[in-house]
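Structural features, examined
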Amino acid sequence: MTRKKIVLVGGGFAGVEAVIEYHKEKLEDLADIIWIDKNGRFEYLPALPELISEKVSVEDVTGDLEKFAAKFGVEFHRDTVEEVDLDGRTVKTKSGLTLDYDFLILAVGAEPTFFNIKGRENTYPAYHLDDYLKIIDALRELELSKKPRIVVVGAGLTGVEVAGELVDYVKKRSAVADIYVVEKVGKAVPFLGNEKASKLVEEYLKSRGVNFLFGKGVTEIKLDGVVLEDGYFLESNMVIWTAGVAPNSLVKNLNLPKKGRGWVVVKPTIQVEGYEEVYAPGDINCAIFDSDVAMKMAEEAMLQAKVAITNIKRTIEGKTLVKHRIAFSVRSPKSLISLGGNQAVLVYGRRFAHRGRLPYIIKKIYVEKRYMSRFKD
Ligand SMILES: Cc1cc2nc3c(=O)[nH]c(=O)nc-3n(C[C@H](O)[C@H](O)[C@H](O)COP(=O)(O)OP(=O)(O)OC[C@H]3O[C@@H](n4cnc5c(N)ncnc54)[C@H](O)[C@@H]3O)c2cc1C
């Protein structure tokens, strides 16, 4: 049997898991993987907000993908995939590589979106490592002696975590700042659909001095503040944007089936509808199976990547494909939300939520440290 070629694009949670599973499943006996990531580093996105308060360093939350690939005998390129020819089954990269494939795994994740709001150049998105490095530089420019105002747009997971770390940043310098979180929906972490979690997050952050403005969307970001839907102008020295995500721009021009903001529609096998040889695990997709919607979460991305590898192997072997069962779903959310001050909220399902130090320890030691140990020599 001729060896098959797999091109794997993306070195985030899904991409890394695909490489591990490739080895575990012994798919290496049947196929070669060429792995491409534009940064050449894994970024542990859930811990990036803690860069603000210096609880973690860049080294703590990143992993060298080339070294990691070498451990598994996988060919790695630090490069950006710019084009995919779905009919010709080739990908083209920024550096000029053209690679053909029998199977393509598109694990390119999501990116921030600004919903065409005016003044995006006046705000700091909080998504990737480079974003946080810019936020840290901008914070250093603020004159803390003048009690600056920092506005965080969005009270989703990232927004509330960033607000909590801003409190710790300011406290560490024995200073005071006016921290606002502006959220269009009427509560914190609304997407979780867990009233208790929303309340716990709001109460705790309020007790730490964070102000919330609920039910007000931002319509424009100016150099000196934000304009809200009702015309109110909230003055600010710095605006951090966490209010929306969209699919990675690589898929924008690809003629794949899409939903919502352009999320790639996948079947329970994690194959893209209409393209049996293309798999799209993780944040890039819209995974709705049995009327359950997958959340855009790290572990969900990892589980989907495992299924993608299993199914590539089963396709080569002529076996029936397996179906992914959504583990992190909108119907039954699970999350650990860190809020600064060594506290986190554990969310399990739509009813249970608990705030304390233990959820924070679980998030840091059992989840983050354990995960990142895979990048250590
Ligand atoms: C600030 C923040 C906090 C979060 N907190 C949590 C949390 O507490 N718990 C949780 O479960 N989830 C959390 N998430 C969500 C979680 O991080 C994502 O669900 C997860 O990263 C998705 O994995 P992925 O592999 O699909 O995408 P990503 O991890 O985003 O990886 C995509 C990869 O693709 C690469 N790439 C993109 N385009 C190209 C291209 N054209 N060519 C080559 N490479 C490319 C990127 O460099 C990146 O390495 C958080 C996300 C953010 C932003």
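An account of the accompanying structure is given in this report. None of these values were measured; they are calculated from a predicted model.

Rules used throughout
- Residues numbered from 1 in each chain as written.
- Predicted model: local features only at pLDDT ≥ 70, side-chain atom pairs only at ≥ 80, totals over all residues.
- Heavy atoms only, no water.
- Pairing = 2+ DSSP bridges.
- Helix = DSSP H or I, 4+ residues; strand = E, 2+ residues; numbered from the N terminus.
- Expected span 1.5 Å × (residues − 1).
- Buried < 20%, exposed > 50% of the residue type's maximum accessible area, 1.4 Å probe, protein only.
- Phe/Tyr/Trp six-rings, centres within 6.5 Å; stacked < 30°, edge-to-face > 60°.
- Lys NZ or Arg CZ within 6 Å of the ring centre and 35° of its normal.

It is worth spelling out the pairing of strand 14 (residues 211-214) at this point. Relative to strand 14, strand 13 (residues 178-183) is paired through four bridges, and the arrangement is parallel. The residue of strand 14 that forms the bridge with Tyr-180 is Asn-211.

End to end, helix 4 (residues 129-141) covers 19 Å across 13 residues, agreeing with the expected 18 Å (1.5 Å per residue, within 8%). For helix 4, the set of buried residues is Leu-129, Asp-131, Tyr-132, Ile-135, Ile-136, Ala-138 and Leu-139.

Turning our eyes to something else, we now look at helix 5 (residues 157-172). With 16 residues, helix 5 should reach 22 Å at 1.5 Å per residue; the first-to-last C-alpha distance of 23 Å fits that figure. Every buried residue belonging to helix 5 is among Gly-159, Val-160, Glu-161, Val-162, Ala-163, Gly-164, Glu-165, Leu-166, Val-167, Asp-168, Tyr-169 and Val-170, and all of these are buried.

The next subject is the pairing of strand 7 (residues 90-93). Across four bridges, strand 6 (residues 81-85) lies against strand 7 in antiparallel orientation. Residue pairing across strands places Val-84 opposite Val-91, the latter belonging to strand 7. Counting the residues in the hairpin turn of strand 6 and strand 7 gives four residues, including Arg-89, whose phi is positive at 55°. Here strand 7 pairs with strand 8 (residues 98-100) via three bridges, running antiparallel. Residue pairing across strands places Lys-92 opposite Thr-98, the latter belonging to strand 8. Linking strand 7 back to strand 8 in an antiparallel pair, the connection comprises four residues, with Gly-96 at a positive phi of about 100°.

Read across the sheet, five strands follow the order 11-18-12-13-14 without closing on themselves; strand pairing throughout is parallel. Each end of this open sheet is capped by a strand with a single partner; those strands are strand 11 (124-125) and strand 14.

Right, let's talk about the packing of aromatic side chains for a bit. To describe a pair of aromatic rings, one takes the distance between the centres and the angle between the planes. In total, this model carries 14 aromatic pairs according to the counting rule given. Here Phe-13 and Tyr-44 contribute two aromatic rings whose centre-to-centre distance is 5.5 Å and whose plane-to-plane angle is 65°, an arrangement assigned as edge-to-face. With Phe-13 in helix 1 (residues 13-24) and Tyr-44 in the loop between strand 3 (41-43) and helix 2 (49-52), the pair connects residues that are 31 residues apart, well separated along the chain. With relative accessibility at 11%, the residue Phe-13 sits in the buried group. When the ring of Trp-35 is compared with that of Phe-68, the centres are 6.3 Å apart and the planes differ by 65°; the resulting orientation is edge-to-face. In this pair, Trp-35 sits in strand 2 (residues 31-37) while Phe-68 sits in helix 3 (residues 65-71), placing the two residues 33 residues apart along the sequence. Among the aromatic side chains, those forming a connected cluster through ring pairs are Phe-13, Trp-35, Phe-42, Tyr-44, Phe-68, Phe-72, Phe-76, Tyr-371 and Phe-375. Over the aromatic face of Trp-263 sits the side chain of Lys-296, whose NZ or CZ is 4.2 Å from the ring centroid.

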